[in-house]
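Below, each chain spelled out in residue letters.
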Amino acid sequence: MAFVSGVSALTTQKKQPARCAAVRMSAESVSRREVLAGTAAAFAALVATPALAEIEYANVGFLGGSDQIDVNNANVRVYQKLPGMYPNIAGMICKGGPYDSVADLYKIEGLTDKQKEVLKKYEGNLVALPPRPEYMIDRINNGLYR
């Protein structure tokens, strides 16, 4: 019964004139500044912003694209370019490190005198750049298989 009486109360109410609705809208109006700020924020959200991440490693050439090889970041397969280095010496280099200099390579445990001679031969082709985590993880296995 309460529901029926509520419905009947709604139907018996007098409708307000249209100008009252207009008065309410003007009381809740938004300033131009707020509209422009909202529009600018929506536009900024839609426009693609450039990523602040580093797109390419500046020393990517030392990872196998040049005659110089970075001993801290290069993958084991890069050493195939230097006869006598791959797979044994290259594997030892990649398992060890990081190295402060190329001279640190001679301190690798288990390196024979013959392997040290091979290292000496290619010492000019090796550099020791600061290690980068995104390359250190793939030094032994980069997922490329023959």
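Starting from 1, residues in each chain are numbered consecutively following that chain's sequence as written. Only residues with pLDDT of at least 70 get local features here, since the model is predicted, and only at 80 or more are side-chain atom pairs given and counted; chain-wide, interface and lining totals rely on the full set of residues. Side-chain metrics rest on all non-hydrogen atoms present in the structure, leaving aside hydrogens and water.

Chemist: I'm lost on the overall build of the chain in this one. Help?
Modeler: A run of H or I in DSSP counts as a helix once it spans at least four residues, and a run of E counts as a strand once it spans at least two, with each numbered from the N terminus. Within the chain, the regular secondary structure consists of six helices and two strands. Counted from the first residue to the last, the chain has its helices and strands arranged as α-α-α-β-α-α-β-α. The criterion used for residue contact is that any of the two residues' heavy atoms lie within 4.5 Å. Taking the intrachain contacts of the chain between residues at least 6 apart in sequence as the baseline, contacts between residues at least 24 apart amount to 60%. Exposure was quantified through the Shrake-Rupley algorithm and a 1.4 Å probe, taking into account, for residues, occlusion by the shown protein chains and nothing else. With the model as given, the accessible surface of the chain reaches about 10,900 Å², and the carbon-plus-sulfur share is 61%.

Chemist: Explain the pattern of salt bridges here, please?
Modeler: One side-chain nitrogen of Lys or Arg within 4 Å of one carboxyl oxygen of Asp or Glu is enough to make a salt bridge. Under the criterion given, the structure shown has two salt bridges. Lys107 is paired through a salt bridge with Asp104; the nearest N and O atoms lie 3.4 Å apart. The salt bridge partner of Glu123 is Lys120, with a shortest N-O separation of 3.8 Å.

Chemist: Explain the side chain of Asp70 here, please?
Modeler: Position of Asp70 relative to the elements: it lies in strand β1 (residues 69–70). Relative accessibility thresholds used throughout: buried, under 20% of the residue-type maximum; exposed, over 50%; partly exposed, between the two (1.4 Å probe, protein chains only). In this structure Asp70 comes out as buried when scored by relative accessible area, which is 0%. Under the rule applied, a polar contact is a pair of N or O atoms within 3.5 Å (in protein, one hydrogen donor and one hydrogen acceptor; residues adjacent in sequence only if both atoms are side-chain atoms). A polar atom in the side chain of Asp70 sits 2.5 Å from the side chain of Asn73.

Chemist: Before we go on, may I ask you to explain the nonpolar core in this structure?
Modeler: Most often, soluble globular proteins keep nonpolar side chains buried together rather than apart. What we call a nonpolar core is a set of buried Ala, Val, Leu, Ile, Met, Phe, Trp, Tyr and Cys residues that are connected through their side-chain atoms within 4.5 Å. Residues Tyr79, Met85, Ile93, Leu105, Leu119 and Leu126 are the most contacted members of the largest nonpolar core, which totals 21 residues. Elements with a contribution of two residues or more to this core: α4 (88–95) and α5 (113–121). The dominant element in this core, judged by the number of residues it contributes, is α4, at four residues. For Leu105, the residues in contact, after removing those within four places along its chain, are Val71, Ile93, Tyr99, Leu111, Leu119 and Leu126.

Chemist: So what exactly am I meant to see when it comes to α4 here?
Modeler: One turn of an α-helix holds 3.6 residues; hence residues three or four places apart share an orientation. Of the residues making up α4, those classed as buried are Ile89, Ala90, Gly91, Ile93 and Cys94. The elements touched by buried residues of α4 are α5. Two residues or fewer past α4, Gly97 is found with a positive phi of approximately 90°.

Chemist: Can you walk me through the environment of Gly91 in this structure?
Modeler: Looking at the element boundaries, Gly91 is found in helix α4. Given a relative accessible area of 14%, Gly91 falls into the buried group. As a C-alpha pair, Gly91 and Val76 span 15 residues in sequence and 6.2 Å in three-dimensional space. Among all residues touching Gly91, those that are not within four sequence positions of it are Val76 and Ile140.

Limitation: the analysis is restricted to geometry and does not speak to function.
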